[in-house]
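Below are the chains, spelled out letter by letter.
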Amino acid sequence: MVISANGFERGPGAAPQDGAPPQEQRSLPILQSAAPRVNEPTNAGSVGAARRVEQPVYVPPPVHTRPHAAEIAHWMDYLGRTPLLEIGAQADALRRQKHPEGVVSYIVDRNINYSNLCVTDCRFCAFYRRPKDDEAYVLSYEEIGRKIDEAKAVGAVQILMQGGHNPYLPLDWYLELLRYIKEQHPIHVHGFSASEVEMMAKVAKLPVDEVLRQLHQAGLDSMPGAGAEVLVDAVRDFIAPKKIDSARWLEIHEAAHEIGMLTTATLMYGVGEVWEDRLEHVLKLRAAQERSLGRGAGHFTAFITWSFQPSLTEMQDWQIDLGTGMDYLKMTALSRLVLDNFENVQVSYVTQGPKMAQIALRFGANDFGSLMLEENVVSATGIDFIMPEREICRIIEDAGFRPARRYQDYRLEQAGDEGCPCCRRQHQELMGSVV
Ligand code: SF4
(Lines give C-alpha, C1' and ligand atoms only; values in the text may rest on other atoms or scores of the structure.)
Protein backbone atom coordinates (compact mmCIF):
# COMPACT_ATOMS: atom_id res chain seq x y z
CA MET A 1 0.00 0.00 0.00
CA VAL A 2 1.23 3.48 -0.84
CA ILE A 3 -0.15 6.68 0.62
CA SER A 4 -0.14 9.78 -1.54
CA ALA A 5 0.68 13.34 -0.60
CA ASN A 6 -2.88 14.05 0.39
CA GLY A 7 -2.98 11.01 2.56
CA PHE A 8 -5.24 8.54 0.78
CA GLU A 9 -4.30 5.24 -0.69
CA ARG A 10 -2.99 4.62 -4.16
CA GLY A 11 -2.22 1.27 -5.73
CA PRO A 12 1.17 -0.35 -5.12
CA GLY A 13 3.89 1.38 -7.10
CA ALA A 14 1.48 3.94 -8.54
CA ALA A 15 3.23 6.54 -10.68
CA PRO A 16 2.81 10.26 -9.98
CA GLN A 17 -0.11 11.84 -11.75
CA ASP A 18 0.62 13.92 -14.84
CA GLY A 19 1.81 17.37 -13.97
CA ALA A 20 2.82 16.41 -10.42
CA PRO A 21 6.14 17.83 -9.29
CA PRO A 22 9.10 15.44 -9.16
CA GLN A 23 9.07 13.12 -6.19
CA GLU A 24 11.68 14.27 -3.72
CA GLN A 25 10.93 12.49 -0.50
CA ARG A 26 13.61 10.00 0.34
CA SER A 27 12.55 6.42 0.68
CA LEU A 28 10.40 6.13 3.76
CA PRO A 29 8.79 3.09 5.26
CA ILE A 30 5.28 4.37 4.61
CA LEU A 31 5.26 7.42 2.37
CA GLN A 32 7.39 5.87 -0.33
CA SER A 33 5.85 7.93 -3.07
CA ALA A 34 4.78 11.02 -1.17
CA ALA A 35 5.48 14.20 -3.09
CA PRO A 36 5.58 17.83 -2.01
CA ARG A 37 2.32 19.76 -2.08
CA VAL A 38 0.54 19.55 -5.41
CA ASN A 39 -2.15 22.17 -4.86
CA GLU A 40 -1.56 25.06 -2.48
CA PRO A 41 -4.54 25.58 -0.15
CA THR A 42 -6.78 28.44 -1.24
CA ASN A 43 -9.46 30.44 0.54
CA ALA A 44 -12.10 28.86 -1.67
CA GLY A 45 -10.99 25.41 -0.57
CA SER A 46 -11.68 25.89 3.13
CA VAL A 47 -14.41 23.61 4.46
CA GLY A 48 -16.08 26.61 6.09
CA ALA A 49 -16.31 28.46 2.78
CA ALA A 50 -18.41 25.63 1.38
CA ARG A 51 -20.40 24.50 4.40
CA ARG A 52 -22.68 26.33 6.76
CA VAL A 53 -23.55 24.66 10.03
CA GLU A 54 -26.71 25.68 11.79
CA GLN A 55 -25.78 27.34 15.04
CA PRO A 56 -26.47 25.07 18.00
CA VAL A 57 -27.67 26.56 21.26
CA TYR A 58 -24.99 27.06 23.87
CA VAL A 59 -26.14 26.81 27.47
CA PRO A 60 -23.34 27.73 29.92
CA PRO A 61 -23.14 25.42 32.94
CA PRO A 62 -24.32 27.08 36.18
CA VAL A 63 -21.41 28.32 38.29
CA HIS A 64 -22.13 26.03 41.25
CA THR A 65 -21.71 22.93 39.05
CA ARG A 66 -18.26 23.95 37.78
CA PRO A 67 -14.83 23.01 39.10
CA HIS A 68 -13.33 25.98 41.02
CA ALA A 69 -16.86 27.37 41.52
CA ALA A 70 -15.96 29.55 44.54
CA GLU A 71 -12.99 31.13 42.78
CA ILE A 72 -15.00 31.73 39.62
CA ALA A 73 -17.58 33.57 41.73
CA HIS A 74 -14.80 35.57 43.42
CA TRP A 75 -13.24 36.67 40.12
CA MET A 76 -16.64 37.42 38.54
CA ASP A 77 -17.30 39.74 41.45
CA TYR A 78 -13.86 41.34 40.96
CA LEU A 79 -14.49 41.88 37.23
CA GLY A 80 -17.90 43.36 37.98
CA ARG A 81 -16.61 46.01 40.37
CA THR A 82 -13.13 46.82 38.97
CA PRO A 83 -12.63 49.23 36.05
CA LEU A 84 -10.53 47.91 33.15
CA LEU A 85 -7.67 50.35 33.70
CA GLU A 86 -7.39 49.28 37.32
CA ILE A 87 -7.32 45.59 36.36
CA GLY A 88 -4.61 46.49 33.85
CA ALA A 89 -2.58 48.42 36.44
CA GLN A 90 -2.73 45.49 38.89
CA ALA A 91 -1.63 43.07 36.16
CA ASP A 92 1.16 45.46 35.13
CA ALA A 93 2.37 45.60 38.74
CA LEU A 94 2.47 41.81 38.91
CA ARG A 95 4.30 41.69 35.56
CA ARG A 96 6.87 44.16 36.95
CA GLN A 97 7.29 42.02 40.07
CA LYS A 98 7.96 38.90 37.99
CA HIS A 99 10.07 40.67 35.34
CA PRO A 100 11.65 43.74 36.97
CA GLU A 101 14.40 44.03 34.33
CA GLY A 102 12.09 45.80 31.86
CA VAL A 103 12.70 43.35 29.02
CA VAL A 104 10.06 42.16 26.58
CA SER A 105 11.23 39.02 24.86
CA TYR A 106 10.37 37.42 21.52
CA ILE A 107 11.56 34.36 19.62
CA VAL A 108 12.65 34.00 16.01
CA ASP A 109 10.97 30.91 14.65
CA ARG A 110 9.05 29.50 11.74
CA ASN A 111 5.70 27.76 11.75
CA ILE A 112 5.78 24.62 9.68
CA ASN A 113 2.42 22.98 9.10
CA TYR A 114 3.52 19.53 7.98
CA SER A 115 -0.01 18.48 6.97
CA ASN A 116 -3.43 20.12 6.74
CA LEU A 117 -5.32 16.85 6.41
CA CYS A 118 -7.72 16.46 9.30
CA VAL A 119 -10.74 14.38 10.26
CA THR A 120 -11.81 16.35 13.34
CA ASP A 121 -13.91 19.04 11.62
CA CYS A 122 -13.56 21.79 14.22
CA ARG A 123 -16.18 24.37 13.38
CA PHE A 124 -13.80 27.28 14.09
CA CYS A 125 -11.02 26.11 11.75
CA ALA A 126 -10.27 27.53 8.29
CA PHE A 127 -6.98 25.67 7.91
CA TYR A 128 -7.82 22.01 7.51
CA ARG A 129 -8.79 19.97 4.47
CA ARG A 130 -10.57 16.65 4.52
CA PRO A 131 -9.04 13.44 3.13
CA LYS A 132 -9.45 13.27 -0.67
CA ASP A 133 -9.56 17.07 -0.95
CA ASP A 134 -7.22 18.25 -3.72
CA GLU A 135 -5.78 20.85 -1.35
CA ALA A 136 -4.89 18.36 1.39
CA TYR A 137 -1.15 17.86 1.70
CA VAL A 138 1.64 16.24 3.66
CA LEU A 139 5.01 17.98 3.33
CA SER A 140 7.97 15.81 2.44
CA TYR A 141 10.87 15.58 4.88
CA GLU A 142 13.00 17.43 2.34
CA GLU A 143 10.54 20.28 2.11
CA ILE A 144 10.48 20.56 5.90
CA GLY A 145 14.29 20.44 5.93
CA ARG A 146 14.46 23.24 3.34
CA LYS A 147 12.11 25.39 5.38
CA ILE A 148 14.27 24.85 8.48
CA ASP A 149 17.45 25.80 6.60
CA GLU A 150 15.81 28.98 5.28
CA ALA A 151 14.67 29.86 8.80
CA LYS A 152 18.08 29.17 10.37
CA ALA A 153 19.76 31.31 7.71
CA VAL A 154 17.89 34.33 9.08
CA GLY A 155 18.42 33.49 12.73
CA ALA A 156 15.56 31.17 13.72
CA VAL A 157 16.23 29.13 16.86
CA GLN A 158 13.08 27.03 16.72
CA ILE A 159 10.39 25.59 14.51
CA LEU A 160 6.77 25.33 15.60
CA MET A 161 5.51 22.22 13.87
CA GLN A 162 1.81 21.45 13.81
CA GLY A 163 -0.69 19.78 11.52
CA GLY A 164 -4.17 18.35 11.40
CA HIS A 165 -5.34 15.06 12.85
CA ASN A 166 -4.09 12.89 10.03
CA PRO A 167 -5.07 9.24 10.62
CA TYR A 168 -2.99 8.12 7.64
CA LEU A 169 0.36 9.02 9.23
CA PRO A 170 1.74 6.30 11.51
CA LEU A 171 3.80 7.12 14.58
CA ASP A 172 6.95 6.03 12.74
CA TRP A 173 6.45 8.87 10.26
CA TYR A 174 6.70 11.41 13.10
CA LEU A 175 9.57 9.63 14.82
CA GLU A 176 11.59 9.39 11.63
CA LEU A 177 10.84 13.02 10.81
CA LEU A 178 12.14 14.14 14.21
CA ARG A 179 15.30 12.06 13.82
CA TYR A 180 15.77 13.41 10.29
CA ILE A 181 15.45 16.99 11.56
CA LYS A 182 17.90 16.47 14.43
CA GLU A 183 20.34 14.66 12.16
CA GLN A 184 20.18 16.84 9.05
CA HIS A 185 18.75 20.23 10.13
CA PRO A 186 19.20 20.48 13.92
CA ILE A 187 16.96 23.03 15.60
CA HIS A 188 14.65 23.18 18.63
CA VAL A 189 11.39 21.44 17.72
CA HIS A 190 8.34 22.88 19.48
CA GLY A 191 5.65 20.68 18.08
CA PHE A 192 2.44 18.71 18.06
CA SER A 193 -0.63 19.76 20.03
CA ALA A 194 -2.09 17.48 22.70
CA SER A 195 -4.85 16.41 20.33
CA GLU A 196 -2.35 15.54 17.56
CA VAL A 197 -0.49 13.38 20.09
CA GLU A 198 -3.80 11.72 20.98
CA MET A 199 -4.36 10.90 17.29
CA MET A 200 -0.83 9.45 17.01
CA ALA A 201 -1.51 7.29 20.09
CA LYS A 202 -4.80 6.07 18.62
CA VAL A 203 -3.21 5.15 15.31
CA ALA A 204 -0.28 3.42 17.07
CA LYS A 205 -2.60 1.79 19.65
CA LEU A 206 -0.20 2.90 22.39
CA PRO A 207 -0.75 4.81 25.63
CA VAL A 208 -0.24 8.52 25.19
CA ASP A 209 2.63 8.74 27.72
CA GLU A 210 4.53 6.09 25.76
CA VAL A 211 3.99 8.07 22.54
CA LEU A 212 5.23 11.24 24.24
CA ARG A 213 8.29 9.40 25.53
CA GLN A 214 9.11 8.12 22.03
CA LEU A 215 8.56 11.56 20.45
CA HIS A 216 10.75 13.22 23.07
CA GLN A 217 13.49 10.64 22.60
CA ALA A 218 13.36 11.10 18.83
CA GLY A 219 13.83 14.87 19.14
CA LEU A 220 10.63 16.62 20.20
CA ASP A 221 11.86 19.30 22.59
CA SER A 222 8.68 21.02 23.78
CA MET A 223 4.96 21.08 23.07
CA PRO A 224 2.69 24.00 22.12
CA GLY A 225 -0.60 24.72 23.86
CA ALA A 226 -2.74 24.51 20.74
CA GLY A 227 -6.02 22.65 20.83
CA ALA A 228 -7.02 24.00 24.23
CA GLU A 229 -9.53 26.50 22.80
CA VAL A 230 -11.78 26.79 25.88
CA LEU A 231 -11.20 24.07 28.50
CA VAL A 232 -14.90 23.69 29.32
CA ASP A 233 -16.56 20.65 27.79
CA ALA A 234 -19.88 22.38 27.11
CA VAL A 235 -18.02 24.95 24.97
CA ARG A 236 -15.95 22.25 23.27
CA ASP A 237 -19.14 20.38 22.33
CA PHE A 238 -20.42 23.63 20.80
CA ILE A 239 -17.36 24.38 18.62
CA ALA A 240 -15.40 21.13 18.22
CA PRO A 241 -17.48 18.11 19.24
CA LYS A 242 -14.98 15.55 17.88
CA LYS A 243 -11.97 16.92 19.74
CA ILE A 244 -10.49 15.60 23.00
CA ASP A 245 -12.19 16.89 26.14
CA SER A 246 -10.67 19.35 28.58
CA ALA A 247 -9.53 16.69 31.08
CA ARG A 248 -7.66 14.82 28.35
CA TRP A 249 -5.96 18.00 27.12
CA LEU A 250 -4.70 18.71 30.63
CA GLU A 251 -3.72 15.06 31.19
CA ILE A 252 -1.56 15.02 28.03
CA HIS A 253 0.23 18.23 29.03
CA GLU A 254 0.85 16.89 32.51
CA ALA A 255 2.17 13.64 31.00
CA ALA A 256 4.58 15.71 28.87
CA HIS A 257 5.65 17.63 31.99
CA GLU A 258 6.24 14.38 33.82
CA ILE A 259 8.90 13.34 31.31
CA GLY A 260 10.57 16.72 31.68
CA MET A 261 9.12 18.59 28.70
CA LEU A 262 8.14 22.24 28.73
CA THR A 263 4.80 23.16 27.17
CA THR A 264 2.70 26.29 26.72
CA ALA A 265 -1.00 26.95 27.36
CA THR A 266 -3.49 28.90 25.27
CA LEU A 267 -7.05 30.20 25.30
CA MET A 268 -9.04 31.07 22.19
CA TYR A 269 -11.99 33.14 23.37
CA GLY A 270 -14.89 34.76 21.50
CA VAL A 271 -16.48 31.50 20.34
CA GLY A 272 -19.77 32.07 22.16
CA GLU A 273 -18.54 31.32 25.68
CA VAL A 274 -19.14 33.46 28.77
CA TRP A 275 -16.64 34.98 31.24
CA GLU A 276 -17.27 32.10 33.67
CA ASP A 277 -15.95 29.73 31.00
CA ARG A 278 -12.80 31.82 30.54
CA LEU A 279 -12.25 31.80 34.28
CA GLU A 280 -12.82 28.06 34.57
CA HIS A 281 -10.24 27.64 31.81
CA VAL A 282 -7.47 29.63 33.49
CA LEU A 283 -8.23 28.15 36.92
CA LYS A 284 -7.88 24.62 35.48
CA LEU A 285 -4.53 25.66 34.00
CA ARG A 286 -3.37 27.08 37.31
CA ALA A 287 -4.27 23.82 39.11
CA ALA A 288 -2.47 21.72 36.45
CA GLN A 289 0.61 23.96 36.74
CA GLU A 290 0.58 23.52 40.49
CA ARG A 291 0.57 19.73 40.11
CA SER A 292 3.38 19.82 37.53
CA LEU A 293 5.53 22.21 39.54
CA GLY A 294 5.01 19.92 42.54
CA ARG A 295 6.41 16.99 40.55
CA GLY A 296 9.48 19.05 39.74
CA ALA A 297 10.01 18.02 36.09
CA GLY A 298 8.44 19.99 33.20
CA HIS A 299 5.79 22.70 33.40
CA PHE A 300 3.94 25.37 31.41
CA THR A 301 6.29 28.19 30.43
CA ALA A 302 3.72 30.68 29.18
CA PHE A 303 0.07 31.52 28.61
CA ILE A 304 -1.16 33.01 25.33
CA THR A 305 -4.70 34.19 24.58
CA TRP A 306 -6.30 35.39 21.37
CA SER A 307 -9.73 36.00 19.97
CA PHE A 308 -11.43 33.70 17.48
CA GLN A 309 -11.15 34.76 13.82
CA PRO A 310 -14.39 33.55 12.18
CA SER A 311 -13.78 34.27 8.51
CA LEU A 312 -13.88 31.19 6.24
CA THR A 313 -14.86 28.91 9.12
CA GLU A 314 -18.15 27.07 9.56
CA MET A 315 -18.97 29.57 12.33
CA GLN A 316 -18.56 32.69 10.23
CA ASP A 317 -22.28 33.46 10.13
CA TRP A 318 -23.05 32.51 13.73
CA GLN A 319 -24.51 35.11 16.04
CA ILE A 320 -21.88 35.06 18.78
CA ASP A 321 -20.00 37.68 20.74
CA LEU A 322 -16.57 37.65 19.14
CA GLY A 323 -15.02 39.85 21.81
CA THR A 324 -13.71 43.41 21.56
CA GLY A 325 -10.34 45.07 22.06
CA MET A 326 -11.42 45.74 25.64
CA ASP A 327 -12.08 42.02 26.10
CA TYR A 328 -8.58 41.21 24.84
CA LEU A 329 -6.96 43.59 27.30
CA LYS A 330 -9.18 42.39 30.13
CA MET A 331 -8.43 38.73 29.34
CA THR A 332 -4.67 39.39 29.14
CA ALA A 333 -4.68 41.24 32.47
CA LEU A 334 -6.95 38.68 34.12
CA SER A 335 -4.70 35.82 33.04
CA ARG A 336 -1.67 37.60 34.51
CA LEU A 337 -3.52 37.99 37.82
CA VAL A 338 -5.04 34.49 38.03
CA LEU A 339 -2.07 32.55 36.65
CA ASP A 340 0.33 33.62 39.35
CA ASN A 341 2.28 30.35 38.94
CA PHE A 342 2.98 31.05 35.23
CA GLU A 343 6.14 33.04 34.60
CA ASN A 344 5.18 34.44 31.21
CA VAL A 345 2.17 35.92 29.47
CA GLN A 346 2.51 36.36 25.73
CA VAL A 347 0.65 38.74 23.40
CA SER A 348 -0.79 37.59 20.07
CA TYR A 349 -0.03 40.35 17.58
CA VAL A 350 -0.81 37.94 14.74
CA THR A 351 -4.51 37.93 15.67
CA GLN A 352 -4.91 41.27 17.51
CA GLY A 353 -2.64 43.47 15.41
CA PRO A 354 0.55 45.22 16.54
CA LYS A 355 -1.12 48.20 18.21
CA MET A 356 -3.36 46.15 20.47
CA ALA A 357 -0.42 43.86 21.28
CA GLN A 358 1.65 46.90 22.24
CA ILE A 359 -1.00 48.10 24.68
CA ALA A 360 -1.25 44.56 26.13
CA LEU A 361 2.40 44.93 27.22
CA ARG A 362 1.01 47.34 29.84
CA PHE A 363 -1.78 44.93 30.77
CA GLY A 364 0.40 42.17 32.18
CA ALA A 365 2.13 40.63 29.14
CA ASN A 366 5.93 40.35 29.05
CA ASP A 367 6.53 38.52 25.78
CA PHE A 368 5.81 39.46 22.17
CA GLY A 369 5.60 35.87 20.92
CA SER A 370 7.31 34.94 17.76
CA LEU A 371 8.78 36.64 14.74
CA MET A 372 6.94 34.16 12.55
CA LEU A 373 8.78 33.55 9.35
CA GLU A 374 5.76 31.59 8.14
CA GLU A 375 2.22 31.32 9.43
CA ASN A 376 -0.63 29.38 7.82
CA VAL A 377 -3.35 28.84 10.40
CA VAL A 378 -4.42 32.38 11.28
CA SER A 379 -3.70 33.64 7.76
CA ALA A 380 -6.16 30.99 6.46
CA THR A 381 -8.88 33.24 7.95
CA GLY A 382 -7.61 36.27 6.03
CA ILE A 383 -5.86 37.89 9.03
CA ASP A 384 -2.21 38.66 8.36
CA PHE A 385 -0.20 40.82 10.76
CA ILE A 386 3.25 39.27 10.24
CA MET A 387 5.93 41.97 10.82
CA PRO A 388 9.68 42.36 10.30
CA GLU A 389 11.89 42.12 13.39
CA ARG A 390 12.83 45.81 13.40
CA GLU A 391 9.13 46.70 13.61
CA ILE A 392 8.59 44.31 16.52
CA CYS A 393 11.56 45.92 18.32
CA ARG A 394 10.26 49.42 17.63
CA ILE A 395 6.84 48.53 19.04
CA ILE A 396 8.42 47.05 22.19
CA GLU A 397 10.72 50.07 22.66
CA ASP A 398 7.88 52.54 22.14
CA ALA A 399 6.02 50.80 24.97
CA GLY A 400 9.00 51.49 27.24
CA PHE A 401 10.74 48.09 27.22
CA ARG A 402 14.00 46.64 25.95
CA PRO A 403 13.40 43.99 23.26
CA ALA A 404 15.43 40.79 23.50
CA ARG A 405 15.46 37.56 21.53
CA ARG A 406 14.85 34.40 23.54
CA TYR A 407 14.72 30.64 23.29
CA GLN A 408 11.68 28.43 23.92
CA ASP A 409 12.56 28.08 27.62
CA TYR A 410 12.65 31.89 27.90
CA ARG A 411 16.41 32.16 28.38
CA LEU A 412 17.59 35.20 26.44
CA GLU A 413 19.90 34.73 23.47
CA GLN A 414 23.53 35.55 24.28
CA ALA A 415 26.38 36.43 21.93
CA GLY A 416 28.32 33.29 21.09
CA ASP A 417 25.44 30.85 21.73
CA GLU A 418 25.61 27.80 19.53
CA GLY A 419 21.95 27.05 19.10
CA CYS A 420 19.25 26.53 21.66
CA PRO A 421 20.88 25.62 25.00
CA CYS A 422 17.87 23.66 26.26
CA CYS A 423 18.01 21.07 23.50
CA ARG A 424 21.76 21.09 22.66
CA ARG A 425 22.64 18.32 25.12
CA GLN A 426 19.72 16.20 24.07
CA HIS A 427 20.73 16.75 20.44
CA GLN A 428 24.30 15.62 21.12
CA GLU A 429 23.04 12.51 22.91
CA LEU A 430 20.72 11.79 20.03
CA MET A 431 23.51 12.18 17.50
CA GLY A 432 25.50 9.60 19.44
CA SER A 433 22.63 7.16 19.05
CA VAL A 434 21.79 7.81 15.39
CA VAL A 435 23.09 5.04 13.17
S1 SF4 B 1 -8.24 22.97 14.64
FE2 SF4 B 1 -6.81 21.28 14.29
S3 SF4 B 1 -8.01 19.47 14.83
FE4 SF4 B 1 -9.48 21.09 14.49
S5 SF4 B 1 -10.06 20.94 12.31
FE6 SF4 B 1 -8.38 22.42 12.45
S7 SF4 B 1 -6.57 21.19 12.04
FE8 SF4 B 1 -8.20 19.76 12.61
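Here the residue numbers are simple positions, counted from 1 along each chain's written sequence. Only residues with pLDDT of at least 70 are given local features in this predicted model, and only at 80 or more are side-chain atom pairs given and counted; all residues enter the totals for whole chains, interfaces and linings.

1. What about helix α7 (residues 208-218)?
This is how it is decided: Whether a residue is buried, exposed or partly exposed follows from its count of other C-beta atoms within 10 Å of its own C-beta, namely 20 or more, 12 or fewer, or something in between, respectively; the C-beta atoms are built from the backbone. Helix and strand definitions follow DSSP, with helices as H or I runs of at least four residues and strands as E runs of at least two, each counted in order from the N terminus. To obtain the arc, one takes the directions from the helix axis to the C-beta atoms. A residue pair is marked as a contact if its C-beta atoms, positioned from the backbone, fall within 7 Å.
Among all positions of α7, only V208, V211, L212, L215 and A218 are buried. Down the axis, α7 shows its buried residues gathered within 130 degrees of arc, on one side only. Considering only its buried residues, α7 is in contact with α5 (171-184), α6 (194-204) and α9 (246-258).

2. Some thoughts on the confidence of the model for the protein chain
The cut-off we apply is this: A score from 0 to 100, pLDDT tells how confident the predictor is in each residue.
When pLDDT is averaged along the protein chain, the result is 87; 84% of the residues meet or exceed 70. Contacts from residues 1-36, a stretch scored under 50 in pLDDT, to residues over four places away or in other chains number 67 contacts.

3. Considering the pairing of strand β7 (residues 262-269)
Heads up, the condition is: Note on pairing: DSSP must find at least two bridges between two strands before they are called paired.
Counted residue by residue, β7 has eight buried out of eight residues, so it is predominantly covered. A two-sided burial pattern is seen for β7, the buried positions comprising L262, T264, T266 and M268 on one face and T263, A265, L267 and Y269 on the other. One ladder, built from two bridges, connects strand β6 (residues 222-223) with β7; its direction is parallel. Directly across from S222, in β7, lies its bridge partner L262.

4. Section: unusual backbone geometry
Of note, K132 is a non-glycine position whose phi angle comes to about 75 degrees, a positive value. Here K132 shows up in the loop between β3 (103-113) and α4 (141-153). Accessibility expressed as a C-beta count within 10 Å gives 10 for K132, which makes it exposed. Although it is not a glycine, L312 adopts a positive phi angle of roughly 65 degrees. Note on placement: L312 falls in the loop between β8 (300-307) and α11 (325-338). Among the residues examined, L312 registers 20 C-beta atoms within 10 Å and is labelled buried.

5. Focus on the environment of E273
Tracing the sequence through the fold places E273 in the loop between β7 and α10 (275-295). Classification of E273 by C-beta neighbours within 10 Å gives buried; the count is 27. Sequence separation of E273 and V230 is 43 residues, and the distance between their C-alpha atoms is 8.1 Å. With residues near it in sequence (within four places) discarded, E273 still touches V230, V232, V235 and R278.

6. Thoughts on the pairing of strand β5 (residues 188-191)
Applied cut-off: Seen with its strands pointing away from the viewer, a crossover is right-handed if its path from the first strand over the helix to the second goes clockwise.
Side chains of β5 alternate between two faces, with H188 and H190 and V189 and G191 buried alike. Across four bridges, the pairing between strand β4 (residues 158-162) and β5 is parallel. Pairing of L160 across the sheet is with H190, part of β5. Note that the unit made of β4, α5 and β5 has a crossover that is right-handed.

7. Topic: the site of the ligand
Note the threshold: Being near a molecule or strand means, for a residue, that its backbone-placed C-beta atom lies within 6 Å of it. Classification used: nonpolar for Ala, Val, Leu, Ile, Met, Phe, Trp, Tyr, Cys and Pro, charged for Asp, Glu, Lys and Arg, polar for all others including Gly.
All residues adjacent to the ligand are C118, T120, D121, C122, C125, F127, Y128, G164, H165 and S195. Residue classes in the shell around the ligand are distributed as five nonpolar, four polar and one charged.

8. Concerning the packing of α4 against α5
Helix-helix packing is described using two parameters, namely the angle between the two axes and the distance between the axes. What counts is decided by this rule: Fitting a line to C-alpha atoms yields each axis, with helices limited to the stretch in contact; the angle taken between N-to-C directions then spans 0 to 180 degrees. Each angle is binned into one of four classes, with values under 35 degrees roughly parallel, values over 145 roughly antiparallel, values of 65 to 115 roughly perpendicular, and all other values oblique. For a crossing to be left-handed, the near helix must be turned anticlockwise from the far one by less than a right angle; the clockwise case is right-handed.
Close contact between α4 and α5 brings their axes to 11 Å; oriented N to C, the two are set at 40 degrees. With respect to each other, α4 and α5 are oriented oblique. For α4 against α5, the interelement crossing comes out right-handed. The segment α4 lies against α5, with Y141, I144, G145 and I148 engaging L177, Y180, I181 and Q184. Here the residues of the contact of α4 with α5 are counted per class, giving six nonpolar, two polar and no charged.

9. So, helix α14 (residues 389-398)
Listed as buried for α14 are I392, C393, I395 and I396. One side of α14 holds all its buried residues, which, seen down the axis, span an arc of 160 degrees. In α14, the exposed positions that point more than 90 degrees away from the buried face belong to R390, E397 and D398. With its phi angle positive at about 95 degrees, G400 sits one or two positions after the end of α14.

10. Structural notes on the environment of M76
By the element assignment, M76 lies in helix α2 (residues 69-81). Here M76 falls in the partly exposed class, since 15 other C-beta atoms lie within 10 Å of it. Counting along the chain gives 199 residues from M76 to W275, while the straight-line C-alpha distance between them is 7.7 Å. In contact with M76, other than residues within four places in its own chain, are W275, E276 and L279.

11. Here's the deal with the environment of A360
Here A360 lies in helix α13 (residues 354-360). In this structure A360 touches Y328, L329, T332, V347 and A365, once residues within four positions along its chain are discounted.

12. Describing the packing of α9 against α10
Contact geometry for α9 and α10: axes closest at 10 Å, N-to-C directions at 25 degrees. Judged by the inter-axis angle, α9 sits roughly parallel to α10. In this structure, the crossing between α9 and α10 has a hand that is right-handed. On α10, the residues touching S246, L250, H253, E254, H257 and E258 of α9 are K284, A288, R291, S292 and R295. Residue classes in the contact of α9 with α10 are distributed as two nonpolar, four polar and five charged.

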